[in-house]
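Inside the fold
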Amino acid sequence: MSSSRLPGFYNLPLDERLKRLAEASGVSLGDLTARLEPGQADHMIENAVGTYALPLGIGLNFVVNGREVLVPMVIEEPSVVAGASFMAKLARAGGGFRATCTPPEMIGQMQLLDVPDLEAAAHRIEAARDGLLAEADAIDPVLKKVGGGARGLEVRRIQDSPIGPFLVVHLIYDVRDAMGANAVNTACERLAPRLEAITGGRVHLKILSNLADRRLARVEATIPLKELAFTGADGRAFSGEQVRDGIVEAWAFAAADPYRAATHNKGIMNGIDAVVIATGNDWRAIEAGAHAYAARGGRYTSLSTWGRDAGGNLAGTLEMPMAVGIVGGATKVHPGAKAALKLMGVQTASELAGIIVAVGLAQNLAAMRALATEGIQRGHMSLHARQVAIAAGASGELIEKVAAQMVAEKTVRIDRAEEILRALR
Ligand code: NAD
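Below: a short report on this structure. (Residues numbered from 1 in each chain as written. Predicted model: local features only at pLDDT ≥ 70, side-chain atom pairs only at ≥ 80, totals over all residues. Heavy atoms only, no water.)

In the vicinity of the ligand there are 21 residues, among which Asp140, Gly180, Asn182, Asn210 and Asp282 approach most closely. At 3.0 Å, a backbone N or O of Asp177 approaches a nitrogen atom of the ligand. Gly329 is positioned with one of its backbone polar atoms (N or O) 3.2 Å from an oxygen atom of the ligand. When the ligand sits alone it has 870 Å² of accessible area, and the protein chains cover 72% of it. Of all the elements in the fold, those that place two or more residues in the shell around the ligand are α7 (141–145) and α8 (181–199). (Near = heavy atom within 4 Å. Polar contact = N/O pair within 3.5 Å; in protein donor to acceptor, adjacent residues only side chain to side chain. Areas by Shrake-Rupley, 256 points an atom, 1.4 Å probe, with all protein chains shown as cover. Helix = DSSP H or I, 4+ residues; strand = E, 2+ residues; numbered from the N terminus.)

Before going further, it helps to examine the packing of helix α10 (residues 240–256) against helix α11 (residues 258–278). Packing of α10 against α11 leaves a shortest axis separation of 6 Å and a crossing angle of 115 degrees. Handedness of the α10/α11 crossing: left-handed. Here Trp251, Phe253, Ala254 and Ala256 of α10 lie close against α11, whose contacting residues are Pro258, Arg260, Ala261 and His264. Classifying every residue of the contact of α10 with α11 by side-chain character gives 6 nonpolar, 1 polar and 1 charged. (Axes fitted to C-alpha atoms, helices over the stretch in contact; angles between N-to-C directions. Left-handed = near helix turned anticlockwise from the far one by under 90°. Contact = heavy atoms within 4.5 Å. Nonpolar A, V, L, I, M, F, W, Y, C, P; charged D, E, K, R; others polar.)

To continue, consider unusual backbone geometry. Even without glycine at this site, Asn61 takes up a positive phi of about 75 degrees. Tracing the sequence through the fold places Asn61 in strand β1 (residues 56–64). At Ser79, a residue that is not glycine, the phi angle is positive and equals roughly 80 degrees. One can find Ser79 in the loop between β2 (67–74) and α4 (80–92).

Our next topic: helix α16 (residues 397–409). The end-to-end C-alpha distance of α16, which contains 13 residues, comes to 19 Å, matching closely the 18 Å that a straight helix rising 1.5 Å per residue would cover. For α16, the full list of buried residues reads Ile399, Val402, Ala403 and Met406. In an axial view of α16, the angular spread of the buried residues amounts to 100 degrees, which keeps them on one side of the axis. Exposed positions of α16 whose direction lies more than 90 degrees from the buried face are Glu397 and Ala408. Once α16 ends, the next one or two residues include Lys410, with phi positive near 60 degrees. (Expected span 1.5 Å × (residues − 1). Buried < 20%, exposed > 50% of the residue type's maximum accessible area, 1.4 Å probe, protein only. Arc of directions from axis to C-beta.)

Phe62, Val71, Phe97, Ile272, Leu318, Met320 and Met322 are the most contacted members of the largest nonpolar core, which has 61 residues in total. Here this core gets 12 residues from one element, more than from any other, and that element is helix α14 (residues 349–372). When neighbours within four sequence positions are excluded, Leu318 is seen to be in contact with Ala217, Arg218, Val219, Ile268, Ile272, Leu303, Ser304, Val357, Gly360 and Leu361. Counting residues in each nonpolar core, the second largest holds 37 residues, with Leu153, Met179, Ala183 and Leu195 among its members. (Core = buried A, V, L, I, M, F, W, Y, C linked by side-chain atoms within 4.5 Å.)

Taken as a whole and assessed by the stated rule, the structure comprises 2 aromatic pairs. Relative to Phe97, the ring of Phe62 lies with its centre 5.5 Å away and its plane at 25 degrees, an arrangement referred to as stacked. Here Phe62, found in strand β1, pairs with Phe97, found in the loop between α4 and β3 (98–101); they are 35 residues apart in sequence, far enough to count as distant. Judged by its relative accessible area of 0%, Phe62 falls in the buried class. Positioned above the aromatic ring of Trp283, the side-chain terminus of Arg284 is 4.4 Å from the ring centre. One Lys or Arg, Arg296, reaches over the ring of Tyr293 and ends 3.7 Å from the middle of that ring. (Phe/Tyr/Trp six-rings, centres within 6.5 Å; stacked < 30°, edge-to-face > 60°. Lys NZ or Arg CZ within 6 Å of the ring centre and 35° of its normal.)

Printed below as a string of structure tokens:
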């Protein structure tokens, strides 16, 4: 794929857009339009009665680690795809997104109860560490073959709990290109009897932690000052300095106040979840990890940082756990997920993680830029107005007509949509 810039994509009719996407990406129309069938869903969950569709859009303009990438985004909320694409365009003027990942190490937890002497048990586990690791390492030969496996064993003492003190053993497991929940849970279950034999205790829970703080994805981007200047819809001009400083002030609010940080991080997750869902990954796991990580210092705070670089440009970073896979789970079962991975051309889970955090940072910037300048409602207005028009019963050409009139009147409400609709009919 030569470029993720597809000028005029927005204005094409839907079927033309699909053709354009197939041409630009080299992914066939058949792959791009393949959908999950009810028969497949029946094998995925219990009591299946069908499938449930959401809009799929394409995030444009992304350059991640020097590579052009078209990003599939599954989301029901207006403005997210447009916002991320627009900010990716600003970021590409500063060289695009630079992403790095720590090794794909997940944490499996084993809760050790009924141990008479916690310290003695902890020492016995530490003394047996090499044997325990060798056993854990041999559990998944497929994973071992691709370079994954057991990496470490840690004993933690939980002092303050409603049932009194107990031990927790963490198994650190490199899961390579998998999300890793099944791999880690299996390893923990297999290791438990040996831990019980060593300590004389009882291993109660055996399950991975979604606070995947050893599997972090980090991204940074620089937005050249001149890219930030713009003139608003009402003719108000914003200088680059004004927009930059407004964004830094907005970020400071999120850094200092959990009420704002929750909404700030929700904006990041608008971008993150859209790609996680598009690729068939577990977005609850990503959400849980993100918010737990945001609270790691004892106070919930922003997952991103924004400031100015030495040249006065706007510089942003985002760091968070990113337990996503390109094998396992639904990634290889869901035809849409397979097409999504093909479209991005990712070869490793880390590469996918890097793209996902780039979209998160872009989306974060889109929300802050709007909030720090014109306010969020203007950008939301036209798509929101279309949804309200549809809810009021408009169809076909009437959707645009009703929406346009409501936007012009600055009154986007269902009762007004119904009135306009009656008048037009
Ligand atoms: P999986 O078990 O389906 O696939 C992983 C396996 O694929 C590995 O164990 C390995 O044997 C094999 N494999 C082949 N090539 C590989 C490669 N290059 N890299 C890594 N492994 C390779 O899937 P999983 O990722 O272990 O589990 C993901 C699923 O678990 C998701 O559907 C998730 O929803 C679910 N889950 C999540 C939680 C949680 O988040 N708390 C708990 C339970 C289950």
